[in-house]
Amino acid sequence: MGLSRRDFFFLSMGIGGGAGATWLARQRLRAIRPTLDPASPRLTQDSAYGAMSAPPDELGATALDDRTYPPPRSRGPQTIDLTVEELQVAVGRGRMMSAWTFNGRIPGPIIRATEGDELVLRVRNLGARPHNLHFHGAHALPSDGWQPVPPGGKAEYRFRAGPAGLHPYHCDMTPAPEHISHGLYGAFIVDPPGGRPPAHELVLVSGGLDTDGDGRSDLFGWNGVAGYYMKYPIKVPAGELVRLYLVNMVGDEPQLSFHLHAQVFDVFRSGTGRTPDERTDMVTLAQAERAMLEFRLPDRGRYMFHPHQARMAERGAMGWFSAV
């Protein structure tokens, strides 16, 4: 008996059938593996967890560490160089994307500062079209970043980091969704002057990945790669506080949700508050919206996370936390 994509998606997450449903899904997957295309966004031949998209084979277990783990908290002025380049980037197994990047990667580097610190952002545009740099948050109007930086041009933006919280940055050239969807975005963490309680900190920035050039994302990934955290679960110590900086930068879908299996989390909307706005197992973010989540995974084992938009989950946005 055949297994539909929808049946497989829900069975593989154990909905309605528990361990038996998961076992059934895996048995049926084994039966159909020989017919699967390794480049397909639906399923992969080496699926161990009900995977539907796989990362590039050349990416190992530490390849996304600088996108997953934020830099340590710091104080004082910073000068940051961002270079816009238009490159072919591997975003899935056998899948390349014609990307526009900050510093050659999707998303751009995680920028972290303390509220009130002075930042100088120096942008150089090596691309073939105008780009720019816009930060969310509060800053002086001359550094708002809407002015185009022509090909071969440079620009400098100066402002004081604030308010404390989590903010995206991105190219804001018109049409902005096109520039964001090509990869020109990143996460900006602003710490309060007194810091936050100690925690194991993680960053997940969602993005749409258009590999066929038709203007619509056909893969979705966290931190620029489809299926990566399903193959390489994010390890955290069991029972200890985890702080997740979550940013939605999918440019061609109206919203994205984030659901954590088997646990709940505290939600700090935009990370600007010091007390939780709610306690839940799912949060929904509009385009460029973000949240800071805090949780503990009490038992050793794997905890799945994914959007509840099935198309996104099926095409690369499923992943795991591994409590060790």
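For the structure, see preceding data.
Residues numbered from 1 in each chain as written. Predicted model: local features only at pLDDT ≥ 70, side-chain atom pairs only at ≥ 80, totals over all residues. Heavy atoms only, no water.

Novice: Which residues make up the overall build of the protein, and what are the values?
Specialist: For the protein, the count of helices and strands is six helices and 19 strands. Residues counted as buried form 54% of the 324 residues belonging to the protein. When contacts within the protein are restricted to residue pairs at least 6 apart in sequence, those whose partners lie at least 24 apart make up 70%. Only carbon and sulfur atoms are counted for the fraction: they give 52% of the accessible area of the protein, which is about 13400 Å². (Helix = DSSP H or I, 4+ residues; strand = E, 2+ residues; numbered from the N terminus. Buried < 20%, exposed > 50% of the residue type's maximum accessible area, 1.4 Å probe, protein only. Contact = heavy atoms within 4.5 Å. Areas by Shrake-Rupley, 256 points an atom, 1.4 Å probe, with all protein chains shown as cover.)

Novice: Please provide a residue-by-residue account of the nonpolar core, values included.
Specialist: One recurring pattern in soluble globular proteins is that nonpolar side chains are buried together. Residues L204, W222, L244, L246, F258, L293 and F321 are the most contacted members of the largest nonpolar core, which totals 32 residues. Setting aside chain neighbours within four positions, we find F321 in contact with L202, L204, I234, L244, F258, L260, F295, L297, G301, R302, Y303 and F305. (Core = buried A, V, L, I, M, F, W, Y, C linked by side-chain atoms within 4.5 Å.)

Novice: Go over the pattern of salt bridges with me, naming the residues and quoting the values.
Specialist: Within the structure shown, the criterion is met by 17 salt bridges. Notably, a salt bridge pairs E201 with R112, separated by 2.8 Å at the nearest N-O pair. Here E201 is found in strand β9 (residues 200–209), whereas its partner R112 is found in strand β3 (residues 111–114), with 89 residues between them in sequence. As far as burial versus exposure is concerned, E201 and R112 are alike and both buried. The closest approach of N and O atoms between E253 and R216, which form a salt bridge, is 3.5 Å. Of the two residues, E253 is situated in the loop between β12 (242–248) and β13 (255–260) and R216 in the loop between β9 and β10 (219–222); the sequence distance between them amounts to 37 residues. (Salt bridge = Lys/Arg side-chain N within 4 Å of Asp/Glu carboxyl O.)

Novice: If you had to explain the pairing of β9 to someone new, which residues and values would you point to?
Specialist: Judged by how many residues are buried, β9 sits mostly within the fold: nine of 10 residues are covered. Note: β9 against β12, seven bridges, orientation parallel. Note that in β12 the partner of V203 across the bridge is Y245. Relative to β10, β9 is paired through four bridges, and the arrangement is antiparallel. Its bridge partner being in β10, G208 is matched across the sheet by F220. (Pairing = 2+ DSSP bridges.)

Novice: Tell me what's going on with the environment of R311, and back it up with residues and numbers.
Specialist: Turning to its location among the elements, R311 is positioned in helix α6 (residues 310–317). The exposure class of R311 is partly exposed, given its relative accessible area of 25%. Within polar-contact distance, the side chain of R311 engages the side chain of E253 at 2.8 Å. (Polar contact = N/O pair within 3.5 Å; in protein donor to acceptor, adjacent residues only side chain to side chain.)

Novice: Please give an account of the side chain of N223 that cites residues and values.
Specialist: Within the fold, N223 resides in the loop between β10 and α5 (228–231). Judged by its relative accessible area of 0%, N223 is buried. Polar side-chain contacts of N223 include one of 3.0 Å to the backbone oxygen of V203. At 2.8 Å, the side chain of N223 forms a polar contact with the side chain of Y229. Apart from the residues lying within four places of it in its own chain, the contact partners of N223 are L64, R67, T68, I106, P107, V203, L204, V205 and Y229.

Novice: Quick rundown of the sheet that holds β12? Include the residues and the values.
Specialist: Pairing within the open sheet is mixed, and its six strands lie in the order β10-β9-β12-β17-β14-β15. Since the sheet does not close on itself, it has two edges, and those belong to β10 and β15 (278–280), each with one partner. Neighbour-to-neighbour, the strand axes of the sheet open up by a mean angle of 25°, direction not taken into account. (Axes fitted to C-alpha atoms, helices over the stretch in contact; angles between N-to-C directions.)

Novice: Explain the pairing of β3 residue by residue, including any values.
Specialist: Residues I111 and A113 point to one face of β3 and R112 and T114 to the other, with burial holding for every one of them. One ladder, built from four bridges, connects β3 with strand β8 (residues 185–191); its direction is parallel. The residue of β8 that forms the bridge with I111 is F188.

By themselves these figures say nothing about function.
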